[in-house]
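# Residue-level structure breakdown
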Amino acid sequence: WDGTLTKPRSEESFILSVDVGTTSIRCHVYDKEAKIRGSCTSKVVALYPEVGHVEMDPEALWKSFITVVKGAVQGVQMRQIEALGISTQRGTFTTWDRKTGVPFHNFISWQDQRAADLVKSWNRSCTMKGIHGVMKMLYFLTRQKRLLAASLIVFSTQHVTFRLVWALTHYKQVSEGNCCFGTIDTWLLFKLTKGVHATDYSNASSTGIFDSYQMCWSGFLCSLVSLPLSIFPKVENTSHDFGSTDPSIFGVPIPIMSCGDCIWQAAMFGECCFDVGDVKITMGTGTFMDINTGSKPHTSVTGLYPLVGWKIGPEVVYLAEGNAADTGKAIKWAQELELFSDVRETSAMAYSVSDSDGVCFVPSFSGLQAPLNDPKACASLMGLKPSTTKSHLVRAILESVAFRNKQLFETMLRETHIPITKIRVDGGVSSNDFIMQLTADLFGRKVARPQHHEMSCLGAAFVAGLGVGFWRTREELKKLQSTGEVFLPKDAHKEGAGCQNREYIHTFQSWERALRRSMNWYSKP
């Protein structure tokens, strides 16, 4: 290194991108063609101090971050790195001392259930019932859909709110003046910059404490649950230059573009879903379906969640999101029951029988999300017969994933009234051809699967690259996109007309009947 950030005109440059997921942290070095030129991966170690508690060590995560960055840039001069982009799992947070940078406690994961009783008590409380009643009254007076949506809000442990309330009551330092609250991106940025306390709009909007309509932390919610506004980070553009890191970390200074996109929003950007009506479906442990709603947040009354997709300069792009919690979880459960040994066998097993022999599987280990929103629903298998085989069971389980996709998709169509422009699917479960084909058949539209599955890392790289001029326009990014395979509906000549596969009308109706019988099963949510 010659002591400057200036690189020779002929020297190639790169973008560094880090994706902090639930089970792993990955770093890639991307060139101008969005090809990976260096990689490193490390495991994210989850801690389980008590039943229902899921944590991560902040300092261990920081060390893993440094390790994967150093591993990925082997063979590349740091002066060739133009910017750093970060995408992270959402809803995982910690708090720390603003002056010393020492965490008050471990990261509390989005999977953590320690606040479940607190959430239940609030959802049943007279306060919430009173608020709901006022909101409904205001709706009838004003006919503003946003007020009706507010009257249907049900708190969830997946949002940060009550896990942070729990931390506030159990760690007294959290309420003191020197406390910083932050999701993973905020913590990494604080460490990299020696003290900048900030996040981006996409991560903020995913906490459940941020008002996506007013574009600020919700003073009303914080007042309602007694959270001090002083602990929250400043919210910056998705692409924002925070200066240089400490040279002792990377060897030389490197511009940090804080592209702290949540994984799902980053994947949306990586899939180049830039236009209104673009749909991205990520099928992993759960299914997350997002539609680009443009410059206005969508107000839902059936459980779709308005998110900030990204904010670059003055432009704000919103998403409406619906999710099904038990996609990969249902398939893993079937594997643990030894219905199959290798998940790659499942597609062939499903195709080996002509139908599920009347078996219906309801994938609701964690209740049912939009549009049914029933935390009391149970997972179930119905219609079992002596003739039922493992292949029938596997087919029924895979069908249920596509059926939930259909429910979410039709909810989006019905609520947003936005014409669909394209549908792209990623995530580990998207490698299953049976689910992909059935999803295309049920949608009556073509769905595209990318060649590479790590869209979150690529999305963070794209945002960072645009921020420093590494890539100039989004049209340039679209040209870099590579599609692995396109699945066409069987009635391909009607593609885009919203038709559904006639073969599955009866099967889907039977499955919906099973779904209704699984609802409200448990006496307590």
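Use the structure listed above.
A few points on the structure. Note that the structure is predicted; figures quoted are calculated from it, not measured. (Residues numbered from 1 in each chain as written. Predicted model: local features only at pLDDT ≥ 70, side-chain atom pairs only at ≥ 80, totals over all residues. Heavy atoms only, no water.)

### Observations regarding the overall build of the chain
- Per the secondary structure count, the chain includes 17 helices and 24 strands.
- When burial is assessed residue by residue, the chain has 58% of its 525 residues classed as buried.
- A total of about 22000 Å² of accessible surface is found on the chain, and carbon and sulfur atoms cover 53% of it. (Helix = DSSP H or I, 4+ residues; strand = E, 2+ residues; numbered from the N terminus. Buried < 20%, exposed > 50% of the residue type's maximum accessible area, 1.4 Å probe, protein only. Areas by Shrake-Rupley, 256 points an atom, 1.4 Å probe, with all protein chains shown as cover.)

### Some details on the packing of helix H10 (residues 263-270) against helix H15 (residues 455-468)
- Between H10 and H15, whose axes approach to 7 Å, the crossing angle comes to 70°. Viewed along their axes, H10 and H15 adopt a mutual orientation that is roughly perpendicular. Taken together, the residues of H15 that come into contact with H10 (itself represented by Ile 263, Ala 266, Ala 267, Phe 269 and Gly 270) are Met 455, Ser 456, Leu 458, Gly 459, Ala 460, Phe 462, Val 463 and Leu 466.
- Taken together, the residues that form the contact of H10 with H15 break down as 10 nonpolar, three polar and no charged. (Axes fitted to C-alpha atoms, helices over the stretch in contact; angles between N-to-C directions. Parallel < 35°, antiparallel > 145°, perpendicular 65-115°, else oblique. Contact = heavy atoms within 4.5 Å. Nonpolar A, V, L, I, M, F, W, Y, C, P; charged D, E, K, R; others polar.)

### Quick look at empty space enclosed by the protein
- With the rule as written, the count across this model stands at two cavities of 30 Å³ or more.
- The space that makes up the largest cavity amounts to roughly 60 Å³.
- What lines the largest cavity is Ala 324, Ala 325, Asp 326, Thr 327, Pro 363, Gly 367, Leu 368, Gln 369, Ser 400, Val 401 and Arg 404.
- Residues of the lining of the largest cavity, tallied by class, amount to five nonpolar, four polar and two charged.
- Considering only enclosed or pocket space, the second largest cavity measures out at about 50 Å³ in volume.
- As for the second largest cavity, its lining consists of Thr 22, Ala 46, Val 54, Glu 55, Met 56, Gln 89, Ser 109 and Gln 111.
- For the lining of the second largest cavity, the per-class residue count stands at three nonpolar, four polar and one charged. (1 Å grid on protein atoms, 1.4 Å probe; cavity = no way out; pocket = protein on both sides within 12 Å on 5 of 7 lines; lining within 4 Å. Points joined across faces, edges and corners; volume = space filled by probe spheres on them.)

### Looking at the packing of aromatic side chains
- Applying the stated rule across the entire model yields 24 aromatic pairs.
- Ring centres 6.0 Å apart and planes at 70° place the aromatic pair Phe 403 and Tyr 504 in the edge-to-face group. Of this pair, Phe 403 sits in helix H13 (residues 390-416) while Tyr 504 sits in the loop between strand E24 (483-487) and helix H17 (505-518); the two residues are 101 residues apart in sequence, bridging distant segments of the chain.
- Taking the relative accessible area as the measure of exposure, Tyr 504 reaches 8% and is therefore buried.
- Here the aromatic rings of Phe 409 and Phe 443 are separated by 4.0 Å at their centres, their planes lie at 10°, and the arrangement is stacked. (Phe/Tyr/Trp six-rings, centres within 6.5 Å; stacked < 30°, edge-to-face > 60°.)

### Side note on the side chain of Arg 404
- Within the secondary structure, Arg 404 sits in helix H13.
- An unpaired buried charge is present at Arg 404: no salt bridge exists, and Asp 326, the closest side chain of opposite charge, is 8.0 Å distant.
- Among the polar contacts made by the side chain of Arg 404, one reaches the main-chain carbonyl oxygen of Ala 370 at a distance of 3.1 Å.
- When near neighbours in sequence (up to four residues on either side) are disregarded, Arg 404 contacts Asn 323, Ala 324, Pro 363, Leu 368, Gln 369, Ala 370, Pro 371 and Trp 511. (Lys, Arg positive; Asp, Glu negative; His and termini not counted. Salt bridge = Lys/Arg side-chain N within 4 Å of Asp/Glu carboxyl O. Polar contact = N/O pair within 3.5 Å; in protein donor to acceptor, adjacent residues only side chain to side chain.)

### Quick notes on the packing of helix H11 (residues 327-336) against H13
- One way to put it is that H11 packs onto H13 with a least axis distance of 10 Å and a crossing angle of 175°. Here H11 is positioned roughly antiparallel relative to H13, judged by the angle of their axes. Two secondary-structure elements touch here, H11 through Thr 327, Ala 330, Ile 331, Trp 333 and Ala 334 and H13 through Ile 397, Leu 398 and Val 401.
- When the residues that make up the contact of H11 with H13 are grouped by side-chain class, the tally is seven nonpolar, one polar and no charged.

### Brief notes about unusual backbone geometry
- With an omega of 0°, the peptide bond between Ala 370 and Pro 371 qualifies as cis.
- Along the chain, Pro 371 turns up in the loop between strand E20 (360-362) and strand E21 (380-382).
- Although it is not a glycine, Ala 34 sits at a positive phi angle of roughly 65°.
- Here Ala 34 lies in the loop between strand E2 (24-30) and strand E3 (36-43).
- Ala 34 sits in the buried class, given a relative accessible area of 16%.
- Positive phi is not limited to glycine here, since His 417 has a value of about 55°.

### Points about the environment of Arg 424
- By the element assignment, Arg 424 lies in strand E22 (residues 422-426).
- Among the residues examined, Arg 424 registers a relative accessible area of 5% and is labelled buried.
- Residues Arg 424 and Lys 446 lie 22 residues apart in sequence; the distance between their C-alpha atoms is 9.0 Å.
- Non-local contacts of Arg 424, meaning those with residues more than four positions away in its chain, are made with Glu 271, Val 279, Lys 280, Ile 281, Ala 448, Pro 450, Gln 481, Ser 482 and Thr 483.

### Focus: the pattern of salt bridges
- Within this structure, the stated rule accounts for 21 salt bridges.
- Here Glu 315 and Arg 474 are joined by a salt bridge, their closest N and O atoms 2.5 Å apart. Note that Glu 315 is positioned in strand E19 (residues 315-324) and Arg 474 in helix H16 (residues 474-480), a separation of 159 residues in sequence.
- Linked by salt bridges that have partners in common, Glu 12, Asp 31 and Arg 37 make up one network.

### Here we look at the environment of Tyr 48
- On the secondary structure map, Tyr 48 appears in the loop between E3 and strand E4 (55-56).
- With 64 residues separating them in the primary sequence, Tyr 48 and Asp 112 have C-alpha atoms 9.3 Å apart.
- Sequence-distant contacts of Tyr 48, that is, excluding residues within four places in its chain, are made with His 53 and Val 54.

### Examining H17
- The end-to-end C-alpha distance of H17, which contains 14 residues, comes to 20 Å, matching closely the 20 Å that a straight helix rising 1.5 Å per residue would cover.
- Phi turns positive, to about 55°, at Asn 520, one or two residues after H17. (Expected span 1.5 Å × (residues − 1).)

### Let's talk about helix H6 (residues 184-193)
- H6 sits mainly inside the fold: 10 of its 10 residues count as buried.
- Every buried residue belonging to H6 is among Ile 184, Asp 185, Thr 186, Trp 187, Leu 188, Leu 189, Phe 190, Lys 191, Leu 192 and Thr 193, and all of these are buried.
- Phi turns positive, to about 60°, at Lys 194, one or two residues after H6.

### Brief notes about the nonpolar core
- With 52 residues, the main nonpolar core has Ile 281, Met 283, Met 289, Ile 423 and Val 447 as its most contacted residues.
- For this core, the leading source of residues is H13, giving 11 residues.
- Listed in part, the 31 residues of the second largest apolar core include Leu 16, Cys 40, Ala 72 and Leu 188. (Core = buried A, V, L, I, M, F, W, Y, C linked by side-chain atoms within 4.5 Å.)

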